[in-house]
Amino acid sequence: MSDVLTAEVLRNALVVAAEEASIVVVRSAYSTFIVEGSDASAAVLDARGRLIAHSMATTLMNSMALKVALPELVRDVPLEMMRPGDVYVLNDAYRGGVHTNDLLVYRPVFVGDRPVYFAATMIHVSDLGGLSAGGMAPLATDIFLEGLQLPPVRLATAAGLEPAVEAILRANSRTPDKVMGDVRALVAGTAVAAARVGALVAEYGAAGLASGIDDYLDYTEARTRAALADLPEGWFEASYPIDDDGIDPEKSHDVRVAITLERHGGRVERQAPEMRAVVDFAGTGAQVPAAINASASQSLAAAVFAVRCFLDPTIPMNDGCLRAIDVRLPEGSLLNARSPYPCGGRYVPIYAAMEAIFQALSDAVPERAIAPSGILQPFSIAAVGAPYWIHLSYDFGGVGARRGLDGPDATGVHFGIGRNSVPQAEPVESRCPLIVESIETIPDSGGPGRQRGGLGSRTVYRFLADCHVTTRGDRLRLAPPGRDGGMPGRVGGFFKRHLDGTVERLASKVNNVRFAAGEAFVVETTGGGGMGSPYERDREAVLADLDAGHVTERGAQEDYGLTR
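Let me sum up the structure you'll find in this document. Within every chain, residues take consecutive numbers counted from 1 along the sequence as written. Local features in a predicted model are, by the rule used here, given only for residues with pLDDT of at least 70; side-chain atom pairs are given and counted only at 80 or more, and totals for whole chains, interfaces and linings are based on all residues. Think of the side-chain values as coming from all heavy atoms in the structure, minus any hydrogens and water.

Attention shifts here to the packing of helix α7 (residues 296-308) against helix α9 (residues 347-364). Each axis is a line fitted through C-alpha atoms, and for a helix only the stretch in contact is used; angles between axes span 0 to 180 degrees, taken between their N-to-C directions. To qualify as a helix, a DSSP run of H or I must reach at least 4 residues; to qualify as a strand, a run of E must reach at least 2; elements of each kind are numbered from the N terminus. Interhelical geometry of α7 versus α9 gives an angle of 30 degrees and a closest axis separation of 9 Å. The angle between α7 and α9 falls in the class roughly parallel. The handedness of the crossing between α7 and α9 is right-handed. In this structure, α7 uses Q298, S299, A302, A303, F305, A306 and V307 to contact α9, whose residues at the interface are I350, M354, I357, F358 and L361. Looking at the contact of α7 with α9, its residues break down into 10 nonpolar, two polar and no charged. Here the word oblique covers every angle except those under 35 degrees (roughly parallel), over 145 (roughly antiparallel) and from 65 to 115 (roughly perpendicular). Each helix crossing is assigned a hand: it is left-handed if the near helix lies turned anticlockwise from the far helix by less than a right angle, otherwise right-handed if that turn is clockwise. Whether two residues are in contact is decided by their heavy atoms: any pair within 4.5 Å suffices. In this classification, Asp, Glu, Lys and Arg are treated as charged, Ala, Val, Leu, Ile, Met, Phe, Trp, Tyr, Cys and Pro as nonpolar, and every other residue, Gly included, as polar.

Moving on: the packing of aromatic side chains. Here the aromatic set is Phe, Tyr and Trp, taking the six-membered ring for Trp, and pairing holds for ring centres within 6.5 Å; pairs whose planes are under 30 degrees apart are stacked, those over 60 apart are edge-to-face, and all others are tilted. The tally for this structure, following the rule as stated, stands at 10 aromatic pairs. Between F310 and F358 the ring centres are 6.4 Å apart and the planes differ by 45 degrees, which places this aromatic pair in the tilted class. In this pair, F310 sits in the loop between α7 and α8 (319-322) while F358 sits in helix α9, placing the two residues 48 residues apart along the sequence. The residues F310 and F358 share a single accessibility class, namely buried. Ring centres 5.6 Å apart and planes at 65 degrees place the aromatic pair F379 and Y461 in the edge-to-face group. Placement of F379 in strand β12 (residues 377-383) and of Y461 in strand β15 (residues 457-463) is noted, with a sequence separation of 82 residues between them. Across the pair, exposure class does not vary: F379 and Y461 are buried alike. One residue, K496, lies across the ring of F515, its end atom 5.0 Å from the ring centre. Remark: exposure states derive from per-residue accessible area (1.4 Å probe, protein chains only) relative to the maximum for the residue type, with buried under 20%, exposed over 50%, and partly exposed in between. Criterion for a charge above a ring: Arg CZ or Lys NZ at most 6 Å from the ring centre, at most 35 degrees from the ring normal.

For helix α11 (residues 539-548), the full list of buried residues reads V542, L543, D545 and L546. All buried residues of α11 project into a common sector of 155 degrees when viewed along the axis, lining one side. Those residues of α11 that are exposed and aimed more than 90 degrees away from the buried face are E540 and D547. Close packing links the buried residues of α11 with α12 (553-560). For this quantity, the arc is that covered by the directions from the helix axis to the C-beta atoms.

A separate point is the sheet that holds strand β3 (residues 87-90). Taken in spatial order, the seven strands of this open sheet run β2-β1-β5-β4-β3-β6-β7, and their pairing is antiparallel. Looking at which strands have only one partner, the edges of the open sheet turn out to be β2 (51-54) and β7 (160-161). Judged from the 10 bridges that link them, strand β4 (residues 102-111) and strand β5 (residues 114-124) form a sheet pairing that is antiparallel. Of the residues in β5, the one forming a bridge with F110 is P115. Note: two strands are recorded as paired if DSSP finds a minimum of 2 bridges between them.

Another point: a nonpolar patch on the surface. Residues L131, L139, L145 and I247 make up a contiguous nonpolar surface patch of about 280 Å² in total accessible area. Judged by relative accessible area, I247 falls into the partly exposed class, the value being 48%. Patch construction takes residues with relative accessible area above 30% that form no salt bridge. Like charges are linked within 9 Å, and nonpolar side chains (Val, Leu, Ile, Met, Phe, Trp, Tyr) are linked within 5 Å. Each accessible area is a Shrake-Rupley result for a 1.4 Å probe, and residues are judged covered by the shown protein chains and nothing else. Criterion for a salt bridge: a side-chain nitrogen of Lys or Arg within 4 Å of a carboxyl oxygen of Asp or Glu.

Turning to the side chain of E166, a few remarks are in order. Within the secondary structure, E166 is located in helix α4 (residues 163-171). When its relative accessible area of 17% is taken as the criterion, E166 is described as buried. Engagement of the side chain of E166 in a polar contact is seen with the side chain of R184, the distance being 3.5 Å. In this structure E166 touches L161, M180 and R184, once residues within four positions along its chain are discounted. Counting of polar contacts relies on pairs of N or O atoms within 3.5 Å, with two restrictions inside protein: one atom must be capable of donating a hydrogen and the other of accepting it, and residues adjacent in sequence are counted only when both atoms are side-chain atoms.

For the rest of this paragraph, the subject is the sheet that holds strand β18 (residues 503-506). Spatially, β14-β15-β20-β17-β18 is the arrangement adopted by the five strands of the open sheet, whose pairing is antiparallel. Whereas interior strands pair on both sides, the edge strands pair on one side only; in this sheet they are β14 (434-441) and β18. With strand direction ignored, the average angle separating the axes of adjacent strands in the sheet is 20 degrees. Taken together, the seven bridges between β14 and β15 define a ladder with antiparallel strand orientation. Following the sheet pairing, E440 is matched in β15 by R458.

Counted by the stated rule, this structure contains 46 salt bridges. When the shortest N-O distance is used, the salt bridge between D319 and K67 registers 2.9 Å. With D319 in helix α8 and K67 in helix α3 (residues 60-76), this residue pair connects regions lying 252 residues apart in the sequence. Using a relative accessible area of 18% as the deciding quantity, one classes K67 as buried. In this structure, E355 and R475 form a salt bridge, with 2.7 Å as the shortest nitrogen-oxygen distance. Taken together, the residues span a long stretch of sequence, with E355 in helix α9 and R475 in the loop between β16 (467-472) and β17 (493-497) at a distance of 120 residues. One exposure class covers both E355 and R475, and it is buried. Salt bridges sharing partners connect three or more residues here, namely D218, E221, R225, E274 and R323.

Take empty space enclosed by the protein next. In the cavity and pocket records, a cavity denotes points on a 1 Å grid over the protein atoms alone where a 1.4 Å probe fits but cannot get out, a pocket denotes an open set with protein on both sides within 12 Å along at least 5 of 7 lines, and lining residues are residues with an atom within 4 Å of a point. Grid points are joined across faces, edges and corners, and a volume is the space filled by probe spheres set on the points. Taken as a whole and assessed by the stated rule, the structure comprises four cavities of 30 Å³ or more. Around the largest cavity, the lining comprises 22 residues; the ones closest to its centre are D39, H124, R346, Y347 and Y394. Contributions of two or more residues to the lining of the largest cavity are made by α3, β5 and β13 (390-395). Considering only residue class, the lining of the largest cavity consists of 10 nonpolar, eight polar and four charged. Put simply, the second largest cavity is a space of about 100 Å³. Around the second largest cavity sit S31, T32, F33, H124, V125, S126, G134, K178, I390, H391 and L392, which together line it. At three residues, the largest contribution of residues to the lining of the second largest cavity is made by β13. Taken together, the residues of the lining of the second largest cavity break down into four nonpolar, six polar and one charged.

All right, on to α3 then. Every α-helix winds through 3.6 residues per turn, so residues three or four apart in the chain are directed the same way. Given a helix with a known number of residues, its expected span is that number minus one, times 1.5 Å. Here α3 is 17 residues long and its end C-alpha atoms lie 25 Å apart, about the 24 Å a rise of 1.5 Å per residue gives. Along its length, α3 reaches its greatest deviation from straightness, about 30 degrees, at A69, and the proline P71 lies no more than four positions downstream. The buried fraction of α3 amounts to 13 of the 17 residues, a majority that puts the element mostly inside the structure. The reported bend at a residue is simply the angle between two axes, fitted to the 7 residues ending at it and to the 7 residues beginning with it.

What follows covers the pairing of β12. Most of β12 sits inside the fold, with seven of its seven residues counted as buried. Summarising the sheet, β12 and β13 pair through six bridges and their orientation is antiparallel. Residue pairing across strands places Q377 opposite D395, the latter belonging to β13. Two strands pair when backbone bridges link them, and β12 and β16 are joined in this way by five bridges, in the antiparallel orientation. Within β16, the position partnered with A383 by the bridge is C467.

Okay, structure coming up:
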């Protein structure tokens, strides 16, 4: 078997190992969002901190966290102190983590008497304290209001879970049984991935596996640099606003990026220049005492994802790709917060970072341009007291129009979520005292244009018991603009429908708003921006939109100048 073929076989075997681990977590977890939404991640890394493979369901948000946090674990627990069967956990946002509810779990894989690889799993557990159930805390002004923080600690040994750590987790959760069920699922997932990696060591030998991994990481790097070489060299910049920080509803914040596509000296002396992308967020707003900051691992993930959207989609995602993309995150900014600034609202700044990159690269490569999009709108619904039940979810906005293509409806830019993302109505209704009354797209919500922006959606939850609703939305005040003459998408919002039928608009970021039994919670997501003048849209396309209910008669006339 050739070296190239061997490397590809190994790459796929390691991806399958991670994928199997994530499936084990989903099937073993207790939390509704994990079980029904399949939102679990797994990865295989080496002791040098390189991301070797991750599961197909793993988002870059999670695999970057697992990568960035591993050196922090090894710093606190040196490799020589680890023993077979040991499992470690952390959630420290300032040391590679995400936010308090996301537990990162690692199991060392020994080759001989030394850890050489790590099997890692990660999910958002049901609850670890904080201002509101489910880990939302949109009005947190420091990290301590977001929940329990864990530095790298040993979670389990070959004999089972560490009793002291289990006691701490239980004492800090509104749903202790669910959390410990989730934790055991995470540990089980690492055991499966570790066994698969061990089998590969046995089959190929320690040196053979290591060589194959080096080969396919180099291959990924080469393909990434070749794809970057297809983009024009130069300097491109853009910015994107955040609606507000939840504390001051009228004050927006900006994320700025400058992207340099350039050739630079190769890693070996006298090697030909190699292409790279430098993604520099200098000029981004400073961190604030509000839940619109992100940890460095999350911002790194957003930047790499956004750049990869303009590259060959068949390029594998592993450490080789990261060598070609230099991401610079100013410390103390919205994208690289330091203690004690909260990080739970990381979706807000990193989606702004992604959008800024999309717009900068759309200027660089107009034939691949995309207009700004509506984004996911996270929320939680929880019991007002014990015994606690929690439904954590999000709905998606419309994607911006692309060159020659309308934006997809109600999918958002698909980043940061698991396989199914939004649990189906029936399982949610069976687990929580609520009814999902309706789910529909919103006509006329996509930005008009030669290519129309994707539609937003409307979901209505009617409650059968009193509950608390917490929201963390954005792009609900400042609409995603169009490009090249296209029009903005229609903004969505969160609403409370009272018993008398009146509807009240909630702020985009609210904490523990009480709803009475019989009242309804309405989630409307924002549509994507359009591209090109709407008066240039093909008449047949407008008529098809009318027939499909994507636009109304009024919208067709006012937005596109069409009557029939």
